[in-house]
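# Coordinate analysis (summary)
Residues per chain are reported as follows:
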There are 2 protein chains.
Amino acid sequence: MNDWKELAAQLRIDSIRCTTRAGSGHPTSAMSAADLMAVLLSKYLRYDWADPAAPNNDRLIFSKGHACPLLYAMYKAAGAITDDELTTLREFGSRLQGHPNPHVLPYVDVATGSLGQGLPIGVGMAINGRYVDKLPYRTWVLLGDSEMAEGSNWEAFDKAQYYKLDRLIGILDMNRLGQRGPTDLGWDAADYAARARSFGWRAIELDGHDLEAIDRAYAEALAAKDKPTLLVAKTIKGKGYSAVENKDGWHGKAFDEDQAREAIAELGGERSSTVSTARPEAARPAVPPDAKPLELPAYKVGGEEATRKAYGDALVAVGAHRPDLVALDGEVSNSTHTDEFKKAYPDRFFEMFIAEQQLVSASVGLAVLGKRVVASTFAAFFTRALDQIRMASLSNATIHLVGSHCGVSIGQDGPSQMGLEDLAMMRAVCGSTVLYPCDANQTAVLVDAMVDLPGITFLRTTREKTPIIYPPGEQFPVGGSRVVKRSDEDQVAVIAAGVTLHEALKAHESLKSEGVLIRVVDAYSVKPIDRETPHQAARDTDGRLVVVEDHWFEGGLGDAVLDAFAGARIDGLDVVKLAVRDMPGSGEPAKLLHAAGIDADCIIKAVKSLL
Amino acid sequence: MNDWKELAAQLRIDSIRCTTRAGSGHPTSAMSAADLMAVLLSKYLRYDWADPAAPNNDRLIFSKGHACPLLYAMYKAAGAITDDELTTLREFGSRLQGHPNPHVLPYVDVATGSLGQGLPIGVGMAINGRYVDKLPYRTWVLLGDSEMAEGSNWEAFDKAQYYKLDRLIGILDMNRLGQRGPTDLGWDAADYAARARSFGWRAIELDGHDLEAIDRAYAEALAAKDKPTLLVAKTIKGKGYSAVENKDGWHGKAFDEDQAREAIAELGGERSSTVSTARPEAARPAVPPDAKPLELPAYKVGGEEATRKAYGDALVAVGAHRPDLVALDGEVSNSTHTDEFKKAYPDRFFEMFIAEQQLVSASVGLAVLGKRVVASTFAAFFTRALDQIRMASLSNATIHLVGSHCGVSIGQDGPSQMGLEDLAMMRAVCGSTVLYPCDANQTAVLVDAMVDLPGITFLRTTREKTPIIYPPGEQFPVGGSRVVKRSDEDQVAVIAAGVTLHEALKAHESLKSEGVLIRVVDAYSVKPIDRETPHQAARDTDGRLVVVEDHWFEGGLGDAVLDAFAGARIDGLDVVKLAVRDMPGSGEPAKLLHAAGIDADCIIKAVKSLL
């Protein structure tokens, strides 16, 4: 008890010291949770600081990432970082950034700072523990009360009960005050508890500054069976420094030197003790099945198949070859065709229902614990999770996203279901790879390549069947492109991908009959884009290019190709971009492609405009 | 009672007829809700079909947009559309698209089809009724059970109780079956009801095929005071056609001709009666205050101010001039500076707490009912709501989004808080406008211009203070750019915006002292981008351009400028794009700008590389 009190004071003091030194940061948000974390660190957390990647380590996520001075103070108390390093908080080049960042700190599994993402990622980690690695580690998530307004948290509550994640413990630091004033529910612990219970959780209300009560609550949480637990801890923002306790206007403000001195004195003065953390049991993850040789599906040239179907077929093959592969879907697996993987490997498939944010966050949780993860939904619906995708990149996570039903070519279901901004959105993710196959054999090869790539990858698939033009086994390197039609007399080059590649081929046939030869380039790797092929095409055609895509005009293939011309001198360039500009409607795919100005007829017109 | 039964049969039959004729669609999802809608249409809905925009009309949102055959059948029963039109469902050019689309149908207020958006928009509509227009209309939202997994719905539940929206009624069509099988909660009405109650709603469980029970439930819902109501209606998917009732595998499938004949026979045969809808009371919206003359804030050239602060100041001025303007924020109004508007016009400000999806959806609900809406949060956090923004454009809504804290220049808080993909994301919204001011006076002018623009607009503001370089009152037309430095001897043109414009000016000074003259262009209108100025710059500098932005490399200003060179022949172009390529950290803004390669030093280096 007395040790806890001492430790809590040290954590508060260190949170104050480092933020005051930095001149910015969130000391009061750290101080409210210090008692909760003191008891956790010294009694309940099982963690090998010498081996942060140990598979049976408990996981601790600061979902309220702005409270990271407290997290860093815990690292110091555990002996993982020095006091000198602690005082580098927020300096350029320091590992101790304004919000926790796993790019630089090995004890941080995932980046936080965009609220409402810690618990959803924790669900993925707890799924890994219960169903994949089959290890008894616990996932602890420190939650702020403001972030309980984020719907993403309720997606997590729902999935955690569905998957019976009894080793997932949410610790709600209910300090009543958000950034700009009181939260919606204030100190209404009963309300938070009722919400959690209605979502199938066990909830425990407690005084978050009563060390014995905290101890009892953790013990009770660990005794839960088949239910996750939420601790609703009533706390005081700024606890420990009476001048700021429970006062509005102190969010995200460091104390000045005098205030810091006063606060530290009130907390009993600086101290620097070390706490020993319990080690996890030495347990090994469940052994996955043996890898089988890769046997990708093969499709006969001249036939036709939807690339989404080829993706499903390929994922089954890749799943046999890569026993660490798991797949998730947002209740549309019979459309994305991830259901084929589910049928083949039911134990390695996780249904996230219609909760795209959770889909991505659970993927991140599984990914950072070493799983190879594919997640699918309609391309349009990944827009629901762009914040999670952005943060996944900041978490250094490798996840493979597959978006089906791209573009106007989906037809009758209409624009709400059409992925038309997915290329723009996925290109603008740091370090991402964006692939867009046009036929079934190409899809199979790219699915296999994708699951081996680091970072955030995105594969765009098409609803409708498309002609099979490449023989099985052809290679399509990421970052490359394929010249499908070429001659020494090409007057214009058409760069296309996916459905528009087939429109370009139709245009090629038709123009050839009129004596006009065009080059046709398949830009299946939208990012990284092949720079050399467009340059060569420009040189060969006196700069006459048409880029055509089933996507909005901005940010997609057209912009990627233009980008390939930056960074080098170009003498003579005349690019026509064909893309979707006006809101499409419902109808037959062919009519919609024409109305959008991206079918063979429109390509022919564009080619002729350049002659 | 008998009339209801007849009407419900007609609604089912018409849902079957039009989908069978189209060969696709969702008849079974329509059939489960037909009884609920029959009672609503003939007794409770108050709507003037001759005047869909009448301010006191009830609002009806099919959040489960795929059930729209039922909605269209209701339109027919109400006499708003003909049976001939009904049978054009899903045809190219028909107003009856695969999901409801207000671009073409005046009775549809907002587009649905991306699940979990109807109720959040309904919250905005109900806020408008209770707090802005002060009208007694009701907002009815038909919800699917699958979409209850979307966190966005729980953001809506939370805000609806907070704002005491007792004229908001959710009708949950709990038919147990989603697209690919059973839903998470199945027919567990008590669970849904408990969740709603824990979020402060009244919940009523009922048999959704018992017409009297439906009648009673609606009556009870209307008697609610200060609480929204959720009807949890147990229904059967495909109800009315025994061959498919409650069977998996019938989602999104039209019946074939034989099945349709059989189903219609089972339902008692085709009929075509018309139901008269109750008219709303003739009530007028509350009269807003008188408009005052516009007096934009003015800042002295040579001083400095953050553009986010100038936005807040300008919004107060614009708010006086435009009494129909309302503002919303996601619990960061003291950072975005929308709090200045809140202080000036507390009745016209709505706090959405940390729920960015709800922030955008409530904005849409207010906007489609005629309000001029500005919504703000950190630029980075609008990524949380891209799906809602995309759908807002499909809803033909005009909303003005203001994203603060863009780019690495925010400094110490680190990458989780940096808007680095916002330009890419907002450019890729159909019909959007994207503005990015560099100084306070320019910001004020652009805020005023923005609130008059149609569609989705986005204004990007900067955390740090920037120098004031433009006198008050200068004009900055949308779609234009400003040449800040030019001479007849310019060797290179630098195109910049926001913080990088000031870096470009520093580079200009430094290079000038070395005898190198550069043009500096302020591209404050990122979309539409000014095409002529870059072309002129290219002609004047032998094609030597540097584009520099505080944004990821993809999809932002650099791509927009390159885009300006598509569609016309260019002879000689050498563009260097400077943008953020690697994951930034925390630190002083100046250090982060340098590390990202976008400060004056880096611009100078890029300019020299072109000489």
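Residues numbered from 1 in each chain as written. Chains lettered and ligands numbered in written order. Predicted model: local features only at pLDDT ≥ 70, side-chain atom pairs only at ≥ 80, totals over all residues. Heavy atoms only, no water.

Attention now moves to the overall build of chain A. The helix and strand inventory of chain A stands at 22 helices and 19 strands. A compact globule built from 611 residues would reach a C-alpha radius of gyration of about 25 Å, and chain A, at 27 Å, matches this within 12%. With respect to the principal axes defined by its C-alpha atoms, chain A has extents near 90 × 50 × 40 Å. Sorting the 611 residues of chain A into buried and exposed places 71% on the buried side. Across chain A, the fraction of contacts at a sequence separation of at least 24, relative to all contacts at a separation of at least 6, is 78%. Carbon together with sulfur atoms contributes 48% to the accessible area of chain A, which is approximately 18,300 Å² in total. Measuring between centres, the 66 positive side-chain charges of chain A sit 2 Å from its 83 negative side-chain charges. (Helix = DSSP H or I, 4+ residues; strand = E, 2+ residues; numbered from the N terminus. Rg over C-alpha atoms; globule rule 2.2 N^0.38 Å. Buried < 20%, exposed > 50% of the residue type's maximum accessible area, 1.4 Å probe, protein only. Contact = heavy atoms within 4.5 Å. Areas by Shrake-Rupley, 256 points an atom, 1.4 Å probe, with all protein chains shown as cover. Lys, Arg positive; Asp, Glu negative; His and termini not counted. Charge placed at Lys NZ, Arg CZ, Asp CG, Glu CD.)

Going from Lys527 of chain A to Pro528 of chain A, the amide bond is cis rather than trans, its omega being 0 degrees. Inspection of the secondary structure assignment puts Pro528 of chain A in the loop between strand S17 (525–527) and helix H19 (532–540). With a phi close to 55 degrees, Lys134 of chain B is a non-glycine residue in the positive phi region. One can find Lys134 of chain B in the loop between helix H6 (118–132) and strand S2 (139–144). Of note, Phe353 of chain B is a non-glycine position whose phi angle comes to about 55 degrees, a positive value. Relative to the helices and strands, Phe353 of chain B is located in the loop between strand S8 (349–351) and helix H14 (356–368).

Time to look at the packing of helix H11 (residues 307–321) of chain B against helix H17 (residues 440–450) of chain B. All names here are of chain B. With their axes 8 Å apart at the nearest point, H11 and H17 run at an angle of 40 degrees to one another. When the axes of H11 and H17 are compared, the pair comes out oblique. For H11 against H17, the interelement crossing comes out right-handed. The segment H11 lies against H17, with Thr307, Ala310, Tyr311, Ala314, Leu315 and Val318 engaging Ala440, Thr443, Ala444, Val447 and Asp448. (Axes fitted to C-alpha atoms, helices over the stretch in contact; angles between N-to-C directions. Parallel < 35°, antiparallel > 145°, perpendicular 65-115°, else oblique. Left-handed = near helix turned anticlockwise from the far one by under 90°.)

This paragraph deals with the confidence of the model for chain A. Confidence in the prediction for chain A averages 97 pLDDT; 100% of positions are at 70 or higher. Interface confidence for the predicted complex, given as ipTM, is 0.98, next to a pTM of 0.98. (pLDDT = per-residue confidence, 0-100.)

Here the focus is the relation of the copies chain B and chain A. With an RMSD of 0.0 Å, the fit of chain B onto chain A corresponds to turning through 180 degrees and sliding 0.0 Å along the axis. Both copies are brought into coincidence by an operation consistent with a two-fold rotation axis. Identified as the residue of chain B closest to the rotation axis by C-alpha distance is Gly151 of chain B, at 1.8 Å. Of the interface residues in chain B, 100% have counterparts in chain A that sit at the interface too, so the contact is made through matching surfaces. (Least-squares fit on C-alpha atoms with pLDDT ≥ 70 in both.)

All right, on to the sheet that holds strand S14 (residues 482–485) of chain A then. Residue and element names in this part refer to chain A. Pairing is mixed in the open sheet, where five strands are placed in the order S14-S16-S15-S18-S19. Lying at the two open borders of the sheet, with one neighbouring strand each, are S14 and strand S19 (574–580). Direction aside, the axes of adjacent strands within the sheet are offset by 25 degrees on average. Sheet strands in contact with H19 are S14, strand S15 (492–496), strand S16 (518–522) and strand S18 (544–552), and its direction is about 175 degrees off that of S16. Together, S15, S16, S18 and S19 form the strand contacts of helix H22 (residues 600–610), whose direction differs from that of S19 by roughly 160 degrees. (Pairing = 2+ DSSP bridges.)

Residues and elements named next belong to chain A. An order of S1-S2-S3-S5-S4 is seen for the five strands of this open sheet, with the pairing classed as parallel. In this open sheet, the two strands that pair with only one neighbour each are strand S1 (59–62) and strand S4 (202–207). Put simply, the sheet's adjacent strands are angled 20 degrees from each other on average, direction ignored. In this sheet, strand S2 (residues 139–144) lies alongside S1 in parallel orientation, the contact comprising four bridges.

The next point concerns the interface of chain B and chain A. Residue-level contacts link 106 residues of chain B with 106 residues of chain A. Both faces combined, the contact of chain B with chain A buries some 8,400 Å², and carbon together with sulfur accounts for 50% of it. Per-residue buried area on chain B facing chain A is highest for Phe92, Arg180 and Arg384 of chain B; these three make up 10% of the total on that side. The salt bridge involving Glu351 of chain A is made with Arg180 of chain B; its shortest N-O contact spans 2.6 Å. On the surface where chain B and chain A come into contact, there are 56 residue pairs in polar contact (both at pLDDT 80 or more). Element by element, the count of residues in the side of chain B that touches chain A is highest for helix H7 (residues 151–162) of chain B, at eight residues. Split into classes, the residues belonging to the side of chain B that touches chain A amount to 35 nonpolar, 38 polar and 33 charged. (Buried area = accessible area lost by both parts, 1.4 Å probe. Salt bridge = Lys/Arg side-chain N within 4 Å of Asp/Glu carboxyl O. Polar contact = N/O pair within 3.5 Å; in protein donor to acceptor, adjacent residues only side chain to side chain. Nonpolar A, V, L, I, M, F, W, Y, C, P; charged D, E, K, R; others polar.)

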